[in-house]
Amino acid sequence: QVHFVESGGGLVQPGGSLRLSCVASGGIFPMYNMGWYRQAPGKQRELVASISRVRGATANYADSVKGRFTISRENAKNTVYLQMNSLKPEDTAVYYCNVVGTDNNWGQGTQVTVSS
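What you see is a predicted model; the values in this text were computed from it and never measured.

1. As for the environment of Gln13
- Turning to its location among the elements, Gln13 is positioned in the loop between β2 (10-12) and β3 (18-25).
- In sequence terms Gln13 and Ser116 are 103 residues apart; their C-alpha atoms lie 5.1 Å from each other.
- If near-sequence neighbours (up to four positions away) are discounted, Gln13 is found in contact with Val114 and Ser115.

Right, dumping it as C-alpha cells:
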C-alpha cells in the first residue's frame, strides 16, 4: 500500500518561507496526481495545491495561497514539494500530501506554525 511521509514544517514568522517535502513509497508514484492539503484546528481539511502526473502540466492553487505557494514534483525521487513564501498566521495548520481525490491513507503530516 502506498504511504507518504511529510517533512519540513516548523515555526516561522509572518512573511517567512518554508519548503515542505513529501516522499511516497509502496506504489507507482508517477501514475498519481498529487496534492497538498492542510487542516487547521476546528476546521475541515482543505486542498491548497495540486499537480498532474504529466510533466509540464499547470498546477492548481486555492485562492488563499495563489501567488505565494508553489507545488512541484520530482518523479525520479518519488517526492512532491511545496514552497511556501510570504507566510501568514492563517496558514498555520498541519500539512499533508496525498493522491488527489482520495480521503484515506493519510500520513502524519507536518506542522506549520506562523506567528510573531
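2. Examining the nonpolar core
- By size, the foremost hydrophobic cluster in this structure holds 27 residues, and its most contacted members are Phe4, Trp36, Leu82, Met84 and Tyr95.
- Where this core is concerned, the elements lending two or more residues are β3, β4 (34-39), β5 (46-51), β7 (69-74), β8 (79-84), β9 (93-99) and β10 (110-114).
- If we ignore the near neighbours within four places in the chain, the residues touching Met84 are Gly16, Ser17, Leu18, Leu20, Arg68, Phe69, Tyr95 and Val112.

3. Thoughts on the packing of aromatic side chains
- For the structure shown, the criterion picks out two aromatic pairs.
- Geometrically, the ring pair formed by Tyr37 and Trp106 is edge-to-face, given 5.0 Å between the ring centres and 85° between the ring planes. Highlighted residues: Tyr37 in strand β4 and Trp106 in the loop between β9 and β10, separated in sequence by 69 residues.
- Arranged with centres 5.8 Å apart and planes meeting at 70°, the rings of Tyr96 and Trp106 form a pair that is edge-to-face. Taken together, the residues span a long stretch of sequence, with Tyr96 in strand β9 and Trp106 in the loop between β9 and β10 at a distance of 10 residues.
- On the basis of relative accessibility, which here comes to 11%, the residue Tyr96 falls in the buried class.
- An aromatic cluster is built from Tyr37, Tyr96 and Trp106, whose rings are joined through pairwise contacts.
- Between Arg45 and the ring centre of Tyr96, over which it is positioned, the NZ or CZ distance is 4.6 Å.
- Directly above the ring of Trp106 sits Arg45, whose terminal nitrogen or CZ lies 3.9 Å from the centroid.

4. Quick look at the environment of Arg19
- Summarising the element assignment, Arg19 is placed in strand β3.
- Once the C-alpha coordinates of Arg19 and Gly9 are considered, the two residues, 10 residues apart in sequence, prove to be 7.6 Å apart.

5. Side note on unusual backbone geometry
- Phi is positive for Asn78, close to 55°, though the residue is something other than glycine.
- Residues other than glycine seldom take positive phi values, yet Asn105 does so here, at roughly 60°.
- Inspection of the secondary structure puts Asn105 in the loop between β9 and β10.
- On the accessibility criterion, Asn105 (24% relative accessible area) is partly exposed.

Rules behind the numbers
- Residues numbered from 1 in each chain as written.
- Predicted model: local features only at pLDDT ≥ 70, side-chain atom pairs only at ≥ 80, totals over all residues.
- Heavy atoms only, no water.
- Helix = DSSP H or I, 4+ residues; strand = E, 2+ residues; numbered from the N terminus.
- Contact = heavy atoms within 4.5 Å.
- Core = buried A, V, L, I, M, F, W, Y, C linked by side-chain atoms within 4.5 Å.
- Buried < 20%, exposed > 50% of the residue type's maximum accessible area, 1.4 Å probe, protein only.
- Phe/Tyr/Trp six-rings, centres within 6.5 Å; stacked < 30°, edge-to-face > 60°.
- Lys NZ or Arg CZ within 6 Å of the ring centre and 35° of its normal.

Geometric descriptors of this kind do not, in isolation, establish any biological role.
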